[in-house]
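Letter by letter, the chains look like this.
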Amino acid sequence: MKIFVPVTVAALLFLIPVNVSGGTLLSLKKEVVFTDIDKLSISNVSAGSQRFWIHLLMEYLFTFWACFILYKEYSNVAFMRLHFLATQQRRAEQFTVVVSNVPHVSGHSISESVDQFFQRNHPEHYLGHQAVYNANKFARLIRRKERLQNWLDYNQIKFEKHPDKRPTRMTGFLGLCGERVDAIDFYAEQIRDLDKRITAERQRVLKDSKAIMPVAFVTFDSRWAAAVCAQTQQSKDPTKWLTDWAPEPRDVYWRNLAIPFVSLSIRRLLMSISLFALVFFYMIPIAFVQSLANLEGLEKEASFLKPVIEIKVIKSFLQGFLPGLALKIFLYILPTVLMIMSKVEGHLSLSALERRTASKYYYFMLVNVFLGSIVTGTAFEQLYSFLHQSPTQIPRTIGVSIPMKATFFITFIMVDGWAGIASEILRLKPLIIFLLKNTFIVKTERDREKAMDPGSISIPETLPTLQLYFLLGLVYAVITPILLPFVLVFFAFAYFVYRHQIINVYNQEYESAGAFWPHVHGRIIGSLLISQLLLLGLLSTKKAADSTPLLIVLPVLTIWFHKYCKSRFEPAFRKYPLEEAMEKDNMEKDSESNLNLKAFLADAYLHPIFHSFDNDVVEAVDIRVDKTQSYAASPVRSEITRSEASSPSPPHYVYHYDIEP
């Protein structure tokens, strides 16, 4: 809103009168397909006109204004982040570093290697470490038991309602075939058999040294010590003993911790190739959508379609509503596919997964929705011109017709943006999904609670969508200013709706303390560069030889501004200042001199499946940590429920005081 309100006012007051009075499109009426909206664009200004100086001046003003607001916002977000970290309550991740690619030492386990390395290199501040288990198979068994227990509860409830008739089911595939047996006895027997497998797998995880991964969560006695370790190189070999800040416990994506370090590069290479292929092949449905949006160009070559297309209702539906709706349907399943790809890449936290997925989704929308719509749409819209002009005239036709894609993007903003915001506040999709789940899936109260969970805001889908509208607004601000009010209305609706939803509806999965902002800043800078280069290309086709060279300076200044902001503010999002860490530690020592920090950190990074173990079997654990002065640790995002297992927690959290055999 801070960027686009002044830009919209200036564009409507100065650029639209200049464009309308050009009159170029009327002289090209037989050659180029255009609408009344196109008369308000830069295409309506004649080639070589001195009016292009006004467009050049406005591009400079819009860029400087956007950069000024971005600088103020970056400074404000960086300040809020540091202030939040300084005033935040004690949390486990403030004292914890995740160590990856731990080298194997002959005769030593991974746990022993980690212990010896940090006792030797951080002797005064090292507290202990939590080994990471490859418990993925164990977690799958636990989830399977949860599903069986749910079916058992469901059938017991049915039997309680109708005591005269015990529920039955078939033993074959999905209960559709085989012998019919008592359902309660069947699921009880299945659970007993599964308990034996869970016990065996638990023992294997605890005893098999290969189940311990070359990754560990290492804790220190101060924030200062953790910051030093996380932000420095630990070994002369830069590929070993890699350290970074640990995600908060509920942000850890536990399944990826078991991925060997060597396979990460291979996985990411394969996913990059897959992403390129996905973006490329999605151009086919995008091209089809654009053929619907530009029917006039097809009518001239496929005259047999004209009687059907010219029906007013059909033509309005095909041109105004169907293209945006079809594109929205194509994009609906995409975030799920991209999230799966990000998980395969092996990122260790939910926030990193969402950032990577958001980046993939943005690049996809940039190539397919924006560039793809312009290129394929221009080809279909000016099909007659392309087929009947000499090749030397094609660049001129493209230069005239690219601004005309504003008509499609206006309908896209209304269908995707305005309607999307309306559906967000109404939450029709979650309501329909809940009704379907409640009808076909919900069997117990536990199922109903899960079905009613609103979840968190979909960052991988929401953030790239907002960035796409930044791109559309900045690109068309000078080229076709009439699009700006539609973008402005979208941002106004989005601000109030998403603010309400985040505060009152969605649950928070993790706390990133504004870590997403550098990515948003970079996308907006990229949008500015695209708008400048596109305007440069258009002016070159308009024979604006006097004004065009001056536009080359603008991308250079924009890149310099981005590099300045990156060096000035981004360290606050990547590193934790030692000065702040020491000040926070000293304040804590003064206010809580008797703090038992080792008890506070004891099981913060224990795998979630071990948190569900019953307390009555903890006596079987080999190591016990004194928790007489324990403080509440950060919540952990569990992959299973509390009633999923009953097994002792593993003995691999290593401390060097108050240890009892």
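A brief structural summary. What you see is a predicted model; the values in this text were computed from it and never measured.

**Brief notes about the overall build of the chain**
From N to C terminus, the chain includes 27 helices and 7 strands. Here the chain holds 661 residues, and 50% of them are scored as buried. In the chain, of all internal contacts separated by at least 6 residues, the share reaching a separation of at least 24 is 83%. A total accessible area of about 32,600 Å² is found for the chain, and carbon and sulfur atoms account for 63% of it.

**Details of the pattern of salt bridges**
Per the counting criterion, the structure on display carries 19 salt bridges. For the salt bridge of D182 with R166, the shortest nitrogen-to-oxygen distance reads 2.5 Å. In this pair, D182 is assigned in strand β4 (residues 180-182) and R166 in the loop between α5 (136-161) and β3 (168-170), connecting sequence segments 16 residues apart. On the basis of relative accessible area, R166 is assigned to the partly exposed category, the value being 36%. One salt-bridge network, held together by shared partners, links R90, R223, D585, E588 and E592.

**Description of unusual backbone geometry**
You will see that N101, though not glycine, has its phi angle at about 55 degrees, which is positive. If you trace the backbone, N101 turns up in the loop between β1 (96-100) and α4 (110-121). For R427, which is not glycine, the phi torsion reads 55 degrees and is therefore positive. In this fold, R427 is placed in the loop between α17 (406-426) and α18 (428-440).

**So, the environment of S272**
Along the polypeptide, S272 turns up in helix α8 (residues 261-281). Sequence spacing of S272 and E345 is 73 residues, and the spatial spacing of their C-alpha atoms is 9.3 Å.

**Observations regarding the environment of H125**
Locating H125 in the fold gives a position in the loop between α4 and β2 (126-133). Classification of H125 as partly exposed rests on a relative accessible area of 26%. When neighbours within four sequence positions are excluded, H125 is seen to be in contact with T219, F220, D221, S222, W224 and A225.

**Focus on the packing of aromatic side chains**
Counted according to the given criterion, the structure contains 32 aromatic pairs. Arranged with centres 5.4 Å apart and planes meeting at 65 degrees, the rings of F490 and F491 form a pair that is edge-to-face. Here the two residues F490 and F491 agree in accessibility, since each one is buried. Each ring, one from Y495 and one from F496, has its centre 5.1 Å from the other, and the planes form 75 degrees; the classification is edge-to-face. Of note, R166 hangs over the ring of F159, and the distance from its end group to the ring centre comes to 4.9 Å.

**Thoughts on helix α6 (residues 183-207)**
End to end, α6 covers 36 Å across 25 residues, agreeing with the expected 36 Å (1.5 Å per residue, within 8%). For α6, every residue scored as buried is listed here: A183, I184, F186, Y187, I191, L194, I198, E201, R202, V205 and L206. The N-terminus of α6 is capped by D182, whose side-chain oxygen sits 3.0 Å from the backbone nitrogen of I184.

Cut-offs and rules
Residues numbered from 1 in each chain as written. Predicted model: local features only at pLDDT ≥ 70, side-chain atom pairs only at ≥ 80, totals over all residues. Heavy atoms only, no water. Helix = DSSP H or I, 4+ residues; strand = E, 2+ residues; numbered from the N terminus. Buried < 20%, exposed > 50% of the residue type's maximum accessible area, 1.4 Å probe, protein only. Contact = heavy atoms within 4.5 Å. Areas by Shrake-Rupley, 256 points an atom, 1.4 Å probe, with all protein chains shown as cover. Salt bridge = Lys/Arg side-chain N within 4 Å of Asp/Glu carboxyl O. Phe/Tyr/Trp six-rings, centres within 6.5 Å; stacked < 30°, edge-to-face > 60°. Lys NZ or Arg CZ within 6 Å of the ring centre and 35° of its normal. Expected span 1.5 Å × (residues − 1). Polar contact = N/O pair within 3.5 Å; in protein donor to acceptor, adjacent residues only side chain to side chain.

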